Amino acid sequence: MTEPTTPQLQPMPEDWQRALAVVAHPDDLEYGCAAAIAAWTDAGRKVGYVLATRGEAGIDTLAPAECGPLREREQRASAAVVGVSSVEFLDHRDGVVEYGPALRRDIAAAIRRHRPELVITLNHRDTWGGVAWNTPDHVAVGRAVLDAAGDAGNRWIFPELVEQGLQPWNGVRWVAVAGSATPTHAVDASPGLERAVASLLEHRAYIEALTDEAPEAYARGFLTGTAASVGERFGGRPAVAFELFNR
Ligand SMILES: [Zn+2]
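My aim in this report is to walk through the structure given alongside it, one point at a time. Along each chain, residue indices are assigned from 1 in the same order as the chain's sequence is written. Given that this is a predicted model, residues contribute local features only at a pLDDT of at least 70 and side-chain atom pairs are listed and counted only at 80 or more, while totals for whole chains, interfaces and linings are drawn from all residues. Each side-chain value is worked out from all heavy atoms of the structure, with water and hydrogens disregarded.

**Observations regarding the overall build of the protein**
Okay, so step 1: A count of helices and strands for the protein gives eight helices and eight strands.
Okay, so step 2: A compact globule built from 247 residues would reach a C-alpha radius of gyration of about 18 Å, and the protein, at 18 Å, matches this within 12%.
Okay, so step 3: Oriented by its inertia axes, the alpha-carbon framework of the protein measures out at about 60 × 50 × 35 Å.
Okay, so step 4: Three exposure classes are used, based on accessible area relative to the maximum for each residue type with a 1.4 Å probe and protein chains only: buried under 20%, partly exposed in between, and exposed over 50%. With 247 residues in all, the protein has 52% of them scored as buried.
Okay, so step 5: It only takes one pair of heavy atoms within 4.5 Å for two residues to be counted as in contact. Taking as baseline every contact in the protein between residues at least 6 positions apart, the subset at least 24 positions apart corresponds to 79%. A run of DSSP states H or I qualifies as a helix once it reaches four residues; a run of E qualifies as a strand once it reaches two. Both are numbered from the N-terminal end. For this measure, only C-alpha atoms enter the radius of gyration; the expected value for a globule follows 2.2 Å times N^0.38, where N is the number of residues.

What follows is the structure, encoded as structure tokens:
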């Protein structure tokens, strides 16, 4: 009898032009996704970032009033490294983002402004797999993104958006969830990996507060390690994994 092989991840769909990544915090996309985003923008695709918060509760030694603007600057610089110039903040409060109609409406509005075919978010489940507990903001934002991809197409759920001139957008075909413990698809990380490291390093103040390790070694070690482990299920190439939901 042959041993069962590890199920391989499928390549991500390629037949799209516009993506919108919607996550809770500055740095959420840099911890894994940015290599895929670099490859997509290289191929001429448009990607925008929307952050539910400014990550103002993310650095213990820095009060939110100082931390928010600093992390916003770091996020804009980090997006620019992978070819993303549109970075918006929805101004929900870091650490206590609430899942509910207000969050769904703000995300649906962003989806209508950007009209993406692909929406990207971060793991919305309780854990990262096993016993590694997720944070409440990721759970709230991830769930709201999956729901808002549908809300964006319905004119009657948030009629105030139509009054603001934001017509329904029914063109979201997929929502890709990064950081999922049950991924289905992947993107080759090799062409974008160096820029992904540079992109994560733009969050320097955050990383310096987080670890005693040298930021360069920390960023490279984290991203190459994650990409190599996904690669075991993607033909041995370093890769970024997503759980892909159809709409
Ligand atoms: Zn986060």
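**Focus on the coordination of the zinc ion**
Okay, so step 1: Each metal's donors are the N, O and S atoms within 2.8 Å of it, or within 3.2 Å when it is Na, K or Ca, and because water is not part of the set, sites may look incomplete. In the first shell of the zinc ion, the protein supplies His25 (ND1), Asp28 (OD) and His138 (NE2), at 2.0 to 2.1 Å from the metal.
Okay, so step 2: Positions of the donor residues of the zinc ion, expressed as sequence spacing, correspond to H-x2-D-x109-H. Placement of the pair is aspartate 28 in the loop between strand 2 (18–23) and helix 1 (34–42) and histidine 138 in helix 4 (residues 136–151), with a sequence separation of 110 residues.

**Quick look at the side chain of arginine 71**
Okay, so step 1: Position of arginine 71 relative to the elements: it lies in helix 2 (residues 64–81).
Okay, so step 2: Accessibility expressed as a relative area gives 2% for arginine 71, which makes it buried.

**Side note on the nonpolar core**
Okay, so step 1: Nonpolar core, defined: a set of buried Ala, Val, Leu, Ile, Met, Phe, Trp, Tyr and Cys residues in which side-chain atoms within 4.5 Å join the residues together. With 46 residues, the main nonpolar core has Ile37, Trp40, Tyr49, Leu118, Ile120 and Phe242 as its most contacted residues.
Okay, so step 2: No other element matches helix 1, which puts six residues into this core.
Okay, so step 3: Once residues lying within four places of it in the same chain are set aside, the contact partners of leucine 118 are Met12, Trp16, Arg18, Ala19, Leu20, Trp40, Trp174, Ala176 and Leu244.
Okay, so step 4: Counting 28 residues, the second largest nonpolar core, distinct from the first, contains Val50, Val97, Leu161 and Val172.

**Observations regarding the pattern of salt bridges**
Okay, so step 1: One side-chain nitrogen of Lys or Arg within 4 Å of one carboxyl oxygen of Asp or Glu is enough to make a salt bridge. Per the stated rule, a full pass over the model turns up 15 salt bridges.
Okay, so step 2: Across the salt bridge formed by arginine 54 and aspartate 91, the nearest N and O atoms sit 2.0 Å from each other. Placement of the pair is arginine 54 in the loop between strand 3 (46–51) and helix 2 and aspartate 91 in the loop between strand 4 (87–89) and helix 3 (101–114), with a sequence separation of 37 residues.
Okay, so step 3: With a relative accessible area of 22%, arginine 54 lands in the partly exposed category.

**A word on the sheet that holds strand 1 (residues 10–11)**
Okay, so step 1: When DSSP finds two or more bridges between two strands, those strands count as paired. Reading across from one edge, 1-7-8-6-5-2-3-4 is the order of the eight strands in this open sheet, with mixed pairing throughout. Only two strands of the sheet have a single partner each, and these edge strands are strand 1 and strand 4.
Okay, so step 2: Lines fitted to C-alpha atoms define the axes here, with helix axes fitted over just the stretch in contact, and angles between the N-to-C directions of these axes take values from 0 to 180 degrees. Seen against the sheet, helix 2 touches strand 3 and strand 4 and runs at an angle of roughly 155° to strand 4.

**What about the packing of helix 1 against helix 6 (residues 193–201)?**
Okay, so step 1: In the contact formed by helix 1 and helix 6, the axes pass within 8 Å of each other and the chain directions differ by 120°. Here helix 1 lies oblique to helix 6, going by the angle between them. Between helix 1 and helix 6 the crossing geometry is right-handed. Across the interface between the two elements, Ala34, Ala35, Ala38 and Asp42 of helix 1 pack against Leu193, Arg195, Ala196 and Ser199 of helix 6.
Okay, so step 2: Looking at the contact of helix 1 with helix 6, its residues break down into five nonpolar, one polar and two charged. Working rule for angles: under 35 degrees goes down as roughly parallel, over 145 as roughly antiparallel, 65 to 115 as roughly perpendicular, anything else as oblique. Note: crossing handedness is left-handed where the near helix turns anticlockwise from the far helix by less than a right angle, and right-handed where it turns clockwise. Under this grouping Gly is polar, as are all residues other than the nonpolar Ala, Val, Leu, Ile, Met, Phe, Trp, Tyr, Cys and Pro and the charged Asp, Glu, Lys and Arg.

**Let's talk about the packing of aromatic side chains**
Okay, so step 1: Pairing of aromatic rings covers Phe, Tyr and Trp, the last through its six-membered ring, and needs centres within 6.5 Å; plane angles under 30 degrees mean stacked, over 60 mean edge-to-face, and all others mean tilted. According to the stated counting rule, one finds four aromatic pairs in the structure shown.
Okay, so step 2: Centroid distance tyrosine 31 to phenylalanine 222: 5.1 Å. Interplanar angle 90°. Geometry classified as edge-to-face. Here phenylalanine 222 lies in helix 8 (residues 215–231) and tyrosine 31 lies in the loop between strand 2 and helix 1, a separation of 191 residues in the sequence.
Okay, so step 3: Using a relative accessible area of 21% as the deciding quantity, one classes tyrosine 31 as partly exposed.
Okay, so step 4: Residue classification places phenylalanine 222 among the partly exposed residues on the basis of a relative accessible area of 33%.
Okay, so step 5: Between tryptophan 40 and phenylalanine 242 the ring centres are 5.9 Å apart and the planes differ by 25°, which places this aromatic pair in the stacked class. Of the two residues, tryptophan 40 is situated in helix 1 and phenylalanine 242 in strand 8 (residues 239–246); the sequence distance between them amounts to 202 residues.
Okay, so step 6: We classify tryptophan 40 as buried; its relative accessible area is 3%.

**Quick notes on unusual backbone geometry**
Okay, so step 1: The phi torsion at aspartate 27 lies on the positive side, around 90°, for a residue other than glycine.
Okay, so step 2: The backbone of aspartate 91 shows a phi angle near 65°, a positive value even though the residue is not glycine.
Okay, so step 3: By relative accessible area, aspartate 91 is classed as exposed at 53%.

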